[in-house]
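If you want the building blocks of each chain, they are given just below.
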Amino acid sequence: ERCGAEVWFPHALTPDVSAETDLSEMPLKRLTGYTVVADGERIGEIESVDDSTANVLFVLSDGRLIPAAAPFITSIDAHGRIVNMTLPEGLLDQ
């Protein structure tokens, strides 16, 4: 009867995200609400994570899409709720 039901689990009961966290094993949706900082510049807040394709994307609050690939994520500050990234040149150009 409960197959396919949504289950909600409090983040407070899950392990903290840290620099040692293996991103390949962590659900990136946990980073919703974090701020993306690229090369020292605040880029925006992660509104959602689009994992509908093989290339997972952070959807920022302004609608921009940023690849959520581990090679681009340099560190995660769980206490400050910041994802530090190094993005390819030109990715944010409009």
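Everything numeric here is computed off the predicted structure, so don't read it as measured data.

Each value, and the rule that gives it
- Residues numbered from 1 in each chain as written.
- Predicted model: local features only at pLDDT ≥ 70, side-chain atom pairs only at ≥ 80, totals over all residues.
- Heavy atoms only, no water.
- Buried < 20%, exposed > 50% of the residue type's maximum accessible area, 1.4 Å probe, protein only.
- Helix = DSSP H or I, 4+ residues; strand = E, 2+ residues; numbered from the N terminus.
- Pairing = 2+ DSSP bridges.
- Contact = heavy atoms within 4.5 Å.

Engineer: When you look at the pairing of strand β6 (residues 82-85) in this model, what are you seeing that I'm missing?
Structural biologist: Along any regular strand, the residues point their side chains to alternate faces of the sheet. Alternating residues of β6 divide into V83 and M85, all buried, and I82 and N84, none buried. Alignment of strand β1 (residues 35-38) against β6, held across 4 bridges, turns out to be parallel. Looking across to β6, one finds that V37 is bridged to N84. Here strand β5 (residues 73-77) pairs with β6 via 4 bridges, running antiparallel. Paired with D77 across the two strands is I82, which belongs to β6. Once β5 ends, the chain turns through 4 residues before running back antiparallel as β6, passing R81 with a positive phi of about 55 degrees.

Engineer: Which parts of the structure should I look at to understand the side chain of T35?
Structural biologist: Considering the arrangement of structural elements, one finds T35 in strand β1. Judged by its relative accessible area of 17%, T35 falls in the buried class. Not counting residues within four places of it along the chain, the set of residues in contact with T35 comprises R42, G44, E45, R81, I82 and V83.

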